[in-house]
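# Inside the fold
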Amino acid sequence: MPPAVRPQARRITALLGSVALVLAAAGCGGGAGSGSVSGRVTSLTALDYYTDASEHAQWSERLTACGRTAGVRIEHRSVPGASLVPRVLRQASSRTLPDLLMLDNPDVQQIARTGALTPLDRYGVDTGGFTKSILAAGTYHGKVYGLAPTVSTIALFYNKDMLAEAGVGVPRTWDELKAAAARLTRPGRYGMAVDANATFEGTWQFLPFLWSNGGDERKLDTPQAAQALRLWVDLVGSGSMSKSVLNWTQADVHDQFVAGRTAMMLNGPWRISAMERTRNLHWGVAPIPVRAPGQTLVTPLGGEVWTVPRSSSEARRQKAARVLACLTDSTHMLATAKQYFTVPSRTAVASRYTEQVPTMRAFVRSVERARARTAELGVRWPRAATGIYTAVQAALTGERTPEEALRRAQQSTTGP
Amino acid sequence: MRNEGRWEPVARWLFVTPAVGYLLLFFGLPVAENVVMSLRDYTATTFYTGDAPFVGPRNYFETLSSDQFPQALLTTVVFIVGSLAGQFTLGLALALFFARAFPLGGVLRSLLLLPWLLPMVVSATTWRWMLDTDTGVVNHALRALHLVPSGVPWLTDTSGALTSVILVNIWVGIPFNTVILHGGLRDIPTQLYEAAELDGAGPLTTFRHITWPLLRPVAGVVLLLGAIYTVRVLDIILVMTGGGPADATQTLATRAYDLSFQQFEFGRGAALGNVLVLVSLVFAVVHLRAGRRALHG
């Protein structure tokens, strides 16, 4: 990617090119100011990754409403998902953290470990009644640092018309899934689609199969893990699933499903609003199949957590905690869940929600037993996650057998 | 007169100072920072606390002895060589083509710059869609022409993916090569060509004995800059394959990114980043030496 170059600059360019990464790592950049330190707190800053125009507007509205109850105005900023954590790290080193910070739940422990967040117990925020796993994701060294208004997970979406036409029922076990996917496959259409790309998103989609079968990220080279990986390999091998899954994001998987190029897919409820806008698409949603009947489905827990960083003054943090408490109270929780088809993170609110929105039943049930990705490995999770998606890719491309791929993943996860 | 003479060295330094200051601040400092970072256990926590225990060369040992390093190094070399060969050959061919004046030549030449004007993420995303095995337009065209029976796994095959990424990088690099080489061709005096024509030299002989020798300094610059830019290509690979499938397109640059920004192991990421700086330096030294030789020889 060569930009325009003046000949006299070529000696410099040698260095310039290679330190691009370094510059970013060294954290050369300004952060957002956090306003005045003294006096009464009248405004707070909030940072999240809701960059989508309508989503940003909806969150601004919600933050404004909650800010009003705490008597503050909120300056709401959103940055793209991939740049949120790097930005937070930069702000941490320049002491310009926002007053309210949203983080994806697997990142909370990492950021809490830096000391940049404050535990919520000292502000008297109510942490009761939350789903255990989301509380675990927001907890570091026994203290709660973050709370999520709503949570989510993934489930099996299916095209009702295609299943009816092929005379296939909704699969509940892996064997049924394989059989159904094979029968649903036609020229120009696959039976099943997942995201198996080389990112943490690929890992996230594989986890329900790994975990429900008794696999564990602390020890990847087990027969249970290999069985799970073999399922995906078989689906691709039999032609029921495109080999392109290696390169699809969840958004791509959704596009395939909406375009009628796959009869079933693994995806999250945040796609529902788009699917409902698609005409002539009759979709259903069911829990992800497990290997043997009677096995308990364990899915990974998704959801964004709000935290109170160590900002400039105690007064600001107190105010921020009040806004956070408002965002996670029952009313706002229910409203957020309805808006984005997510699940309220307090169990009592979630059951009320199922009565009001029955289509969300599959998700509510899955979320009850969902597991936080950082629950076991904590800050060492990113390494295991990298090992998992690499193993999935190595097996799906046929480079290695599932057993061999997982053995190598285990080595790289525990190695130096 | 005498007074002016005394001030001259000072004035000379004053002219140099802004440039030197700029270089030290924006290039020297980050490099020094990175070297320091690579010798420390630098994690996400360091950003807040500032603590980064000194660990000596441990990060280098760990990074260079890991299983992934030899493969990433090989991939990087293949990526650079493949990209340069393609970019340069096609760039030179196009430059020669546009060297002669013909109607619409200027328009076509500016159209050629298009890949350069697009944001890299946009073109990489578009290529990723185009190269999809089942629904991509490239396979669609190949099937329609009956060139392949089924889809070519452009990005989903461990050997194919690297080739595809190289092809896209070639596409991205052609404008740069063409523009610089085109400039080089224009500098060659036309009398030489006229003389050659009078002597009865054919197009091949003309190229071998006039164009190529006179274009060589420019060609050297293009190749070296191309190499340095290719070493650090990150966005194309990240968007198109994410380093996959199964690490098949993982280069040193993507690996450094992964270590620093996915796994938060900034010390090890910095160590690998320094290896990249060294690789670039090797190219830079080769380039400077070649330049000196051209000047004196």
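Residues numbered from 1 in each chain as written. Chains lettered and ligands numbered in written order. Predicted model: local features only at pLDDT ≥ 70, side-chain atom pairs only at ≥ 80, totals over all residues.

The name given to chain B in an unreviewed UniProt entry is Sugar ABC transporter permease, and the organism recorded there is Streptomyces pyxinicus. The record in UniProt for chain B states the following under Subcellular location (unreviewed entry): "Cell membrane". Under the UniProt heading Sequence similarities (unreviewed entry), the note attached to chain B is "Belongs to the binding-protein-dependent transport system permease family." (UniProt positions renumbered as here; feature names shortened; annotations may be inferred.)

As recorded in an unreviewed UniProt entry, chain A goes by the name Extracellular solute-binding protein, listed as coming from Streptomyces pyxinicus. In its Sequence similarities (unreviewed entry) section, the UniProt record describing chain A reads: "Belongs to the bacterial solute-binding protein 1 family."

## Considering the interface of chain A and chain B
Counting residues at the interface gives 49 residues for chain A, matched by 62 residues for chain B. Elements represented by at least two residues in the side of chain A that touches chain B include exactly helix H1 (10-18), helix H2 (20-26), helix H4 (81-93), helix H5 (108-114) and helix H17 (381-396) of chain A. (Contact = placed C-beta atoms within 7 Å. Helix = DSSP H or I, 4+ residues; strand = E, 2+ residues; numbered from the N terminus.)

## Considerations on the UniProt feature "transmembrane region" (unreviewed entry) in chain B
Under the local residue numbering, the UniProt record ascribes the feature "transmembrane region" (unreviewed entry) to residues 12-32, 72-99, 111-130, 161-181, 218-240 and 269-288 of chain B. Spanning residues 111-130 of chain B, this segment combines 80% helix with 0% strand, and its end C-alpha atoms are found 20 Å apart.

## With respect to the domain arrangement of chain A
Residue and element names in this part refer to chain A. For chain A, the domain assignment lists domain 1 (40-147 + 302-368) and domain 2 (155-300 + 375-414). Measuring from the centre of the C-alpha atoms in domain 1 to the corresponding centre in domain 2 gives 29 Å. Listed as interface residues are 16 residues of domain 1 and, on the opposing side, 16 residues of domain 2. Of all the secondary structure elements, the ones that give two or more residues to the side of domain 1 that touches domain 2 are H5, helix H6 (132-137) and helix H16 (361-368). When residues in the side of domain 1 that touches domain 2 are grouped by element, the largest group, four residues, is from H16. Its residues assigned to classes, the side of domain 1 that touches domain 2 comprises seven nonpolar, seven polar and two charged. (Domains from an automatic or database assignment. Nonpolar A, V, L, I, M, F, W, Y, C, P; charged D, E, K, R; others polar.)

## So, the nonpolar core
Counting 185 residues, the largest nonpolar core has A:Leu229, A:Leu324, A:Ala391 and A:Val392 as the members making the most contacts within it. Sequence-distant contacts of A:Leu229, defined by excluding residues within four places in its chain, comprise A:Ala391, A:Val392, A:Ala395, A:Pro402, A:Ala405 and A:Leu406. (Core = buried A, V, L, I, M, F, W, Y, C linked by C-beta atoms within 7 Å. Buried ≥ 20, exposed ≤ 12 C-beta atoms within 10 Å, placed from the backbone.)

## Describing H16(A)
Residue and element names in this part refer to chain A. Regarding H16, the residues found buried are Phe363, Val364, Ser366 and Val367. Along H16, the residues classed as buried sweep out an arc of 165 degrees about the axis, all on the same side. Of the surrounding secondary structure, the elements contacted by the buried residues of H16 are strand E7 (150-151), strand E8 (155-159), strand E13 (343-344) and helix H15 (347-356). (Arc of directions from axis to C-beta.)

## Re the sheet that holds strand E10 (residues 262-267) of chain A
Residues and elements named next belong to chain A. Taking strand neighbours across the sheet as the criterion, the four strands line up as E9-E10-E8-E11 in an open arrangement whose pairing is mixed. On the outer flanks of this sheet lie strand E9 (190-193) and strand E11 (283-286), each paired with one strand and no other. Averaged over all neighbouring strand pairs, the angle between strand axes comes to 20 degrees, with direction disregarded. Examined bridge by bridge, E8 and E11 share four bridges and lie antiparallel to one another. The residue of E11 that forms the bridge with Leu156 is Ala286. Against the sheet, helix H8 (residues 174-184) contacts E9 and E10, and its axis sits at roughly 130 degrees relative to E9. (Pairing = 2+ DSSP bridges. Axes fitted to C-alpha atoms, helices over the stretch in contact; angles between N-to-C directions.)

## Details of the sheet that holds strand E1 (residues 43-48) of chain A
Residues and elements named next belong to chain A. Across the sheet, which stays open at both edges, the five strands sit in the order E2-E1-E3-E12-E6 with mixed pairing between neighbours. For this open sheet the edge positions go to strand E2 (73-78) and strand E6 (146-147), each flanked by a neighbour on one side alone. Sheet strands touched by helix H3 (residues 53-70): E1 and E2. Its angle to E2, the strand with the most contacts, is close to 155 degrees. Across the face of the sheet, helix H13 (residues 314-327) comes into contact with E1, strand E3 (100-104), E6 and strand E12 (304-307) while running at roughly 55 degrees to E1.

## Notes on the domain arrangement of chain B
Quite often, the size of an interface is put as the accessible area lost when its parts meet. Under the domain assignment, chain B is made up of domain 1 (1-29) and domain 2 (69-296). Measuring from the centre of the C-alpha atoms in domain 1 of chain B to the corresponding centre in domain 2 of chain B gives 38 Å.

## Some thoughts on the pairing of E8(A)
Residues and elements named next belong to chain A. Among the five residues that make up E8, five are buried, leaving the element largely enclosed by the rest of the structure. Sheet analysis places E8 next to E10, joined by four bridges and oriented antiparallel. If you follow Ala155 over to E10, its bridge partner there is Asn267.

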